[in-house]
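Structure assessment
Each chain is listed here by its residues.
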Amino acid sequence: MEKKGIYAGLYESQKEGASPVPEIELKEESLKREVSEDVQRDSEPLIAQEEDEIPDEVDTDHMKRVSLLSLLNHIPKYQWLFWMTFLGYLMRSVFPPLYSYSTSRSQELFFSFDLNALWKYGWICVWILIGASVLTYIGSVLNWNVMTILGEQLVKQLRMEVFSRYLSMPMSFFDDPKHLPTILTSRLSVDGRHLRDLIDRSGFIVENFMIVIICLALCIVMGDWRLTLIAIIASPLALCSEYFQFHTVSKTTAKIDDDLTKESGVITDYLLNIHTVHAYGLENTLVNQVDKDMAEADRLTNRRVWRGSTGQGIMQFTPSLFTVVVIGFGAYMMNRGWITYLQLFIVYMAMTNSATIMGANIAYTPSVALAQRAAKNIVGIINLPSEDDAARAIKKEGHNGDNTFSNVSFTYPTRPDVPILKDVSFTIPVGKSVAFVGPSGCGKSTIISLIQRFYRPDTGSISLGGDLIESLNLDWYRGLLGAVNQEPVMFAGTIRSNLQLGVERTLADAELEEALCLDLSTRRPIASIPI
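The structure contained in this document is the topic of the report that follows.

Calculation criteria
Residues numbered from 1 in each chain as written. Predicted model: local features only at pLDDT ≥ 70, side-chain atom pairs only at ≥ 80, totals over all residues. Heavy atoms only, no water. Helix = DSSP H or I, 4+ residues; strand = E, 2+ residues; numbered from the N terminus. Core = buried A, V, L, I, M, F, W, Y, C linked by side-chain atoms within 4.5 Å. Buried < 20%, exposed > 50% of the residue type's maximum accessible area, 1.4 Å probe, protein only. Contact = heavy atoms within 4.5 Å. Pairing = 2+ DSSP bridges.

1. Points about unusual backbone geometry
In this structure, asparagine 407 takes a positive phi of about 50 degrees despite not being glycine. Relative to the helices and strands, asparagine 407 is located in strand 1 (residues 403-410). With a phi angle near 50 degrees, aspartate 423 is a residue other than glycine that sits in the positive phi range. Within the element layout of this structure, aspartate 423 appears in strand 2 (residues 421-428).

Here it is as C-alpha cells:
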C-alpha cells in the first residue's frame, strides 16, 4: 500500500461532504493561521542558529570572565581541597627535571668509560629516579582523588542550581524558542561536562607551567644559557607537533559532539511520540532520516581519523628536527670546549620535556575556551532575574473568595501582535462551578494560566477575595489551586511517588486509596497494580 503521509487518511475522509464552517470558526481558523505564521516567523532565527550550535544563554563575548575560584564559592565546604591539589602538583612537577638530570648524568658516566665512577654515581641517579617516581605516584593519587571529588561536587552543585533556577523561572521563560526542553537539558548535560574539563585542564596547566619553570632553571643553573637560548628558539619544532595533534583532533571532536547532541534531541522527540511512529508505520522513514542526519557526523569522524594519523606523523618528525638542532649546536659548542657533555644533555632533555609540555598546554586552549564559555552560560543562568522571585518574597497572604477578572487583555510575550484576550470581565463566585466554553484557540487555557499566575495580564486586573493576586505571596496563592490539565502528566517513577509529590510527609496506603478515589468497581483492578 502506498504511504501518503500521516495526515492523508484524515484529509481523504473529510474532503467529501464537508459542511460549511460557521463564521466564528472561520475567525478562529484565521486567528490560528495568524498565530501559526507568527510562531514560524519567530522560530526561523532559532532554527538557523541551531544548525550551527546550541544558542548561548548570555552574551559570552562581553560577559566577564568566570574564574575557577569564583566557581568554588558555590561549594565552600570543599574549597580547601583545591588548595591541597597544589601539593600534588608540586610532587608531580619534580619528576621531569629530576629525570632530565639523572638521565643526562647517566649518559655522561657512560661517555667517560670510567666503570668505578659509573658504579659509584650511577646508583645516585637510580635513587633520584626512584625518589622522583615515588613523589609522582603520591602526587598523582592525591590529585586524581582530590580533583575527582572537587570536580564532581562542583558540577553537581552547579547543575542543581541551574535546574533550581529553571524551575523558578516564569512561564514566559519557557515560551522563548531559545529555551526549548532539548536545549535546556543539553545545557545541563553538555555545559556540565565542559565545566568539568575546566577543572581538570586548569590543574594540568598549572602543573605544566611549574615543570617548565623548574626545567628552565635547571638549564640555566646546571646547563648553559647559550644552548638554552638556542633550544628555546628551536622549541616550536617540538611544541607545534603536540599542538597540531591535540588541536585539530579536539576541534573536530567538538563538532562531532555538537552534531550528536542535536541529533539526540531529535531521537528523543521520536521516542516520546512512539505511539504515532507505530500508528503510521514511520519506523523505516525515521531510521533513514536519522541515518541521513548522521552523515555529517560520519564525515567528521573520518576527517578526525585522517587528521589524527597525519598529526601522529608530524609528532614523530618535527621533534627529530628539534633534536638535530640542539644536539648539533651542542656538539659544536662541546668541541670548542664551551660546554661539557653533561651540560649538553641537561639542556636537551629538560628543553625537550618543556617544549612537549607547553605544546600540550597550548593544545588544551580550545577545551579551556569551550569550558569558559560553558561556565559563563551556567553562571548567567544562575544569575538570571525572575519576576517570580519577587512574588515569592511577598509576605501578604489573603483569603479565599470570589475570583474576578476586570477588563483583562493579554497577548503572549512571544507573539505580541496576536491578541488572545481583550477586555474580558467576569466573576467566579466562591464555592461555585464555572465552565468556559468556546472553540479551540479562543483563550480558555489562557484564562486558566492567568488564574494560575503563569502570566500577567497586559491590562486590567485579576483579584481573589478583593485582593489583587499580584499582591499575594505566589507560593501561598498557588497552594490554594488544584488543576487537572488537558493532557495529564505522570512523572518518572511509581504511582506512589507521583502522589507523594509536594507532600512533606510519607502518605499511608489508606490515604493513597482515598486520593485515588477508589470505589468498589475500581478497587480490585487498581489493587493489582504496584504503587
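Additional details are given in the paragraphs that follow.
2. Digging into the nonpolar core
With 29 residues, the main nonpolar core has Leu71, Leu150, Leu154, Leu158, Leu195 and Leu198 as its most contacted residues. Every element with two or more residues in this core is listed here: helix 3 (68-72), helix 4 (79-93), helix 6 (115-168), helix 8 (181-222) and helix 15 (365-382). Residues within four places of leucine 198 in sequence aside, it is in contact with Leu71, Val368, Ala371 and Ala375. Among the nonpolar cores identified, the runner-up in size contains 26 residues, and Phe322, Ala350, Ala355 and Met358 belong to it.

3. Describing the pairing of strand 1
Most of strand 1 sits out of view: six of its eight residues are buried. Inspection of the sheet shows strand 1 paired to strand 3 (residues 459-464) by five bridges, in the antiparallel sense. The residue bridging serine 409 from the neighbouring strand is threonine 459, located in strand 3.

4. Notes on the environment of arginine 307
Position of arginine 307 relative to the elements: it lies in helix 13 (residues 295-335). Under the relative-accessibility criterion, arginine 307 is labelled partly exposed at 33%. It is 9.1 Å that separates the C-alpha atoms of arginine 307 and threonine 252, two residues lying 55 residues apart in sequence.

The quantities given are spatial measurements derived from coordinates; they are silent on function.
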